[in-house]
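What follows is each chain in one-letter form.
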Amino acid sequence: MKHYAILCGSAPDGFTQKKINEMHDFLTSEAGGFWTEKDIAIFPNGVTEAMLSFVLERLKAEKTEQILLYICTLSPVADDDKSVWLGGEEVRKSVIESVASASSATGNPELVELVETGVFNGVQVIYDSCREFESDEETEEDEDFFSAEADVFSKSLGEIR
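In this report, the structure presented in the accompanying data block is examined. (Residues numbered from 1 in each chain as written. Predicted model: local features only at pLDDT ≥ 70, side-chain atom pairs only at ≥ 80, totals over all residues. Heavy atoms only, no water.)

Quick word on the nonpolar core
With 19 residues, the main nonpolar core has I6, C8, L52 and L69 as its most contacted residues. Sorting the residues of this core by element identifies β1 (3–8), β3 (40–43), α2 (49–61), β4 (66–73) and β5 (83–86) as the ones contributing at least two each. Residue contributions to this core peak at five residues, all from α2. Excluding residues that lie within four positions of it along the chain, L52 makes contacts with I6, C8, V47, L69, V91 and I96. Among the nonpolar cores identified, the runner-up in size contains eleven residues, and I20, L68, Y70 and C72 belong to it. (Core = buried A, V, L, I, M, F, W, Y, C linked by side-chain atoms within 4.5 Å. Buried < 20%, exposed > 50% of the residue type's maximum accessible area, 1.4 Å probe, protein only. Helix = DSSP H or I, 4+ residues; strand = E, 2+ residues; numbered from the N terminus. Contact = heavy atoms within 4.5 Å.)

Written out as structure tokens, the structure is:
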């Protein structure tokens, strides 16, 4: 099964929320299903609405069967909130919900077929909150990996424009 997790946090630069790290550790553990690092994207210091929409649409286009979107804010998200704040960036919940719903497959024949056959299970969205931070201790290897990933997204975005 092709799956992907997107972990979005609200930590200040140089830090990651403790719950983001715990979710990552859970996903890569036996109990969480042994997800690989290449199947997990982490935005510890926020993400723009445009980037989040782009990543979700791209994953759907690549026929990803299941997407986990974990959003960790600084304060709890109420059902009637119209947006969430991730690292100073406002992301409208309507954008998350429209991209996340299986009904957004309308107009995309390949995705409609995947939904109808049960192959695409959709996007699972989890809202959480945490005010406990952990310092980032990146190695050069981590920086090279994230730099390479950013280049891939930049090139992909350039192809779309």
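Observations concerning α2
Between its terminal C-alpha atoms α2 stretches 18 Å, which fits the 18 Å expected from 13 residues at 1.5 Å a residue. Looking one or two residues beyond α2, the residue adopting positive phi is K63, at roughly 60°. (Expected span 1.5 Å × (residues − 1).)

Topic: the pattern of salt bridges
Scanning all chains against the criterion turns up five salt bridges. Between D39 and K38 there is a salt bridge, and its shortest N-O distance comes to 3.9 Å. By relative accessible area, K38 is classed as exposed at 64%. With its nearest N and O atoms 3.0 Å apart, the salt bridge here joins R58 to E62. For R58, a relative accessible area of 30% puts it in the partly exposed group. (Salt bridge = Lys/Arg side-chain N within 4 Å of Asp/Glu carboxyl O.)

Description of the side chain of T64
Mapped onto the secondary structure, T64 falls in the loop between α2 and β4. Within polar-contact distance, the side chain of T64 engages the backbone oxygen of L59 at 2.8 Å. (Polar contact = N/O pair within 3.5 Å; in protein donor to acceptor, adjacent residues only side chain to side chain.)

So, the packing of aromatic side chains
The description of an aromatic ring pair rests on the distance of the ring centres and on the angle between the ring planes. One pass over the structure, following the stated rule, counts zero aromatic pairs. A cation over an aromatic ring shows up here: K93 above the ring of Y127, its NZ or CZ 5.4 Å from the ring centre. (Phe/Tyr/Trp six-rings, centres within 6.5 Å; stacked < 30°, edge-to-face > 60°. Lys NZ or Arg CZ within 6 Å of the ring centre and 35° of its normal.)

A short note on helix α1 (residues 18–27)
A turn of α-helix holds 3.6 residues, and therefore any two residues three or four places apart point the same way. All of the buried residues in α1 are I20, M23, H24 and L27. Looking straight down α1, one finds that the buried residues subtend no more than 100° of arc, so they occupy a single side. (Arc of directions from axis to C-beta.)

With respect to a nonpolar patch on the surface
Side chains of F15, L74 and F133 sit close together on the surface and give an oily, nonpolar patch of about 230 Å² of accessible area. Turning to its location among the elements, F15 is positioned in strand β2 (residues 15–17). (Patch = residues over 30% accessible without salt bridge, like charges linked within 9 Å, V, L, I, M, F, W, Y side chains within 5 Å. Areas by Shrake-Rupley, 256 points an atom, 1.4 Å probe, with all protein chains shown as cover.)

Things to note about the sheet that holds β4
Read across the sheet, four strands follow the order β3-β1-β4-β7 without closing on themselves; strand pairing throughout is parallel. Every other strand in the sheet has two partners, leaving β3 and β7 (122–129) as the edge strands with one partner each. Averaged over all neighbouring strand pairs, the angle between strand axes comes to 10°, with direction disregarded. (Pairing = 2+ DSSP bridges. Axes fitted to C-alpha atoms, helices over the stretch in contact; angles between N-to-C directions.)

Re the side chain of T73
Here T73 is to be found in strand β4. For T73, a relative accessible area of 4% puts it in the buried group. Non-local contacts of T73, meaning those with residues more than four positions away in its chain, are made with S10, Q17, V84, W85, L86, D128, S129 and C130.

Comments concerning the environment of K18
You can see K18 is positioned in helix α1. With 114 residues separating them in the primary sequence, K18 and E132 have C-alpha atoms 5.7 Å apart. Residues in contact with K18, not counting those within four places in the same chain, are C130, E132, F133 and E134.

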